[in-house]
Each structure stands twice: as structure tokens, then as C-alpha cells.
Amino acid sequence: PLLTARAAVGAAEAVVLPSVQKLMSRWVPPERKSISVATIFSGFQAGTICAYVISPNILDSYGWRGIFYIYGAAGLAVLIPWFALAKDEPSSGSTAIEKQNESVIDVAGVPTPIETPTTTMASKASTTTQPSSTHSALQDAIDVLKSA
């Protein structure tokens, strides 16, 4: 029975990482994806470490069954609002999403606008008609080397 229960838990946990990746692909802008992945995955490990620290105290106070009840209650406390509020994809009518699209705070705390697909295409079109500053800087460096 214990092995069967552990296999069921493992099968249920198997969908977590692909689901997180799919949600992040829809909600997180590409330039913020690495910090988001790092935060979420480190949160998994931090939760495990916290459980290792807290579980002996729960065991001493409430017995081994108390661990299951307390962690189960904590899971339900997160699950109920998640089902009520979480969405698979951002909707354009959501005020929170509109605010997010206006500006996202980067790691340093500086607001940076998020490029929409139309602005990205427009910026690509404008850069193809003008020489890039990198090219001119590279050309200047080559000219300096030639003159030396």
C-alpha cells in the first residue's frame, strides 16, 4: 500500500514541471523567463528544505498524522484560491494584465516597457533600413587599427 501511494504521488507530481513551463511560456515575457524559472525552481527546493526543518516540530507536537493534516491543509489553502483566480492565458480585458503590459519591473527595480509583437516587428523593420550602431562602432575600430 505504501509503495502504491508513493507511485500515485510521483505520477501526480510528474505533471508539475511541464505545466509550470507551459504557464511561463504564456505569462512571462521572454526577457524575464530565466529569472522566473530560477525563482520557481528554487522555490521548489526552498519548500522542501522548510518541510525538513518544520516536520520534526509538527511530529513532536501532533504526531505523524499531524504532518499529513497540516501539509494537506496548507495545500488546500493554496489550491482553492488558485482554482478561483488562476487562468491558463492572460486575457486582454484584465486590468492586472494591462498594467503588466505597460511596464514590468526588472531585477534592478527599473520599469521597462514590454514589447508587443507589433512594436517588435516595427522596430525590426526600422533597424533593417538603417545601419546599426554596432556596425558603425565595429567599422570605427577597424579603421583605427588600419591607421595604426
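Residues numbered from 1 in each chain as written. Predicted model: local features only at pLDDT ≥ 70, side-chain atom pairs only at ≥ 80, totals over all residues. Heavy atoms only, no water.

Structural notes on the overall build of the protein
To be explicit about the condition: For the purposes of this entry, the term helix denotes a DSSP run of H or I that reaches at least four residues, the term strand denotes a run of E that reaches at least two, and both are numbered from the N terminus. To sort residues, take the accessible area from a 1.4 Å probe on protein chains only and compare it with the maximum for the residue type: under 20% means buried, over 50% means exposed, and anything in between is partly exposed. When checking whether two residues touch, look at their non-hydrogen atoms; a contact exists if any pair is within 4.5 Å.
Assigned secondary structure in the protein consists of seven helices and two strands. In sequence order, the secondary structure elements of the protein are arranged as α-α-α-α-α-β-β-α-α. The burial tally for the protein puts 9% of its 148 residues in the buried class. Sequence-distant contacts in the protein: of pairs separated by 6 or more residues, those separated by 24 or more amount to 41%.

Looking at the packing of helix α2 (residues 16-27) against helix α3 (residues 33-62)
Convention followed: Here, axes are lines fitted to C-alpha atoms. For helices the fit covers the stretch in contact, and angles between N-to-C directions go from 0 to 180 degrees. Convention used here: angles under 35 degrees read as roughly parallel, angles over 145 as roughly antiparallel, angles from 65 to 115 as roughly perpendicular, and any remaining angle as oblique. If you view the pair so one helix is near and one far, a crossing is left-handed when the near helix is turned anticlockwise from the far one by less than a right angle, and right-handed when it is turned clockwise. Polar here means any residue outside two lists: the nonpolar Ala, Val, Leu, Ile, Met, Phe, Trp, Tyr, Cys and Pro, and the charged Asp, Glu, Lys and Arg; Gly therefore counts as polar.
Running from amino to carboxyl end, α2 crosses α3 at an angle of 150 degrees, the nearest separation of the two axes being 11 Å. By the angle class used here, α2 and α3 are roughly antiparallel. Crossing geometry of α2 relative to α3 is assigned as right-handed. Between α2 and α3, the residues in contact are Val 16, Leu 17, Val 20, Gln 21, Met 24 and Ser 25 and Lys 33, Ser 36, Val 37, Ile 40, Phe 41 and Phe 44, respectively. Its residues assigned to classes, the contact of α2 with α3 shows eight nonpolar, three polar and one charged.

Some points on α3
Operational definition: Take the number of residues in a helix, subtract one, and multiply by 1.5 Å to get its expected span. Bend, in this description, refers to the angle at a residue between axes fitted to the seven residues ending there and the seven starting there.
In a regular helix each residue adds 1.5 Å, so 30 residues correspond to 44 Å; α3 covers 41 Å between its end C-alpha atoms and thus fits that length. A maximum bend of about 35 degrees is found in α3 at Ile 54, where proline Pro 56 lies one to four positions downstream. Turning to α3, its buried residues are Ser 36, Ser 55 and Ile 58. Residues of α3 that are buried make contact with α2 and α4 (64-85). In the stretch just after α3, Gly 63 is the one whose phi turns positive, near 85 degrees.

Some words on the side chain of Ser 55
Where we set the bar: N or O atoms within 3.5 Å of each other form a polar contact, as long as, within protein, one can give a hydrogen and the other can take it, and as long as residues adjacent in sequence are counted only when both atoms are side-chain atoms.
Tracing the backbone shows Ser 55 in helix α3. Residue classification places Ser 55 among the buried positions, given a relative accessible area of 16%. A distance of 2.6 Å separates the side chain of Ser 55 from the backbone oxygen of Ala 51, its partner in a polar contact. Beyond its immediate stretch of four places on either side in the chain, Ser 55 contacts Ile 67 and Tyr 71.

Here's the deal with the confidence of the model for the protein
Stated formally: Values of pLDDT, the confidence the predictor places in each residue, fall between 0 and 100.
On average, residues of the protein score 77 in pLDDT, and 66% of them reach the 70 mark or higher. Residue range residues 116-133 is modelled with pLDDT below 50. Its contacts to residues more than four positions away, or to other chains, number one contact.

Section: the environment of Ile 54
For Ile 54, the location among the structural elements is in helix α3. Judged by its relative accessible area of 41%, Ile 54 falls in the partly exposed class. Distance from Ile 54 to Ile 67, taken between C-alpha atoms, is 9.3 Å for residues 13 residues apart in sequence.

A few points about the environment of Leu 23
Within the secondary structure, Leu 23 sits in helix α2. Along the chain, Leu 23 and Glu 89 lie 66 residues apart, while their C-alpha atoms are 7.5 Å from each other. Beyond its immediate stretch of four places on either side in the chain, Leu 23 contacts Trp 82, Lys 87 and Asp 88.

Some points on the packing of α3 against α4
The N-to-C vectors of α3 and α4 enclose an angle of 125 degrees; their axes lie 7 Å apart at closest approach. Comparing their axes, α4 and α3 come out oblique. Crossing of α3 against α4: the hand is right-handed. Between α3 and α4, the contacting residues are Ala 51, Ile 54, Ser 55, Ile 58, Leu 59 and Tyr 62 on the first element and Trp 64, Gly 66, Ile 67, Ile 70 and Tyr 71 on the second.

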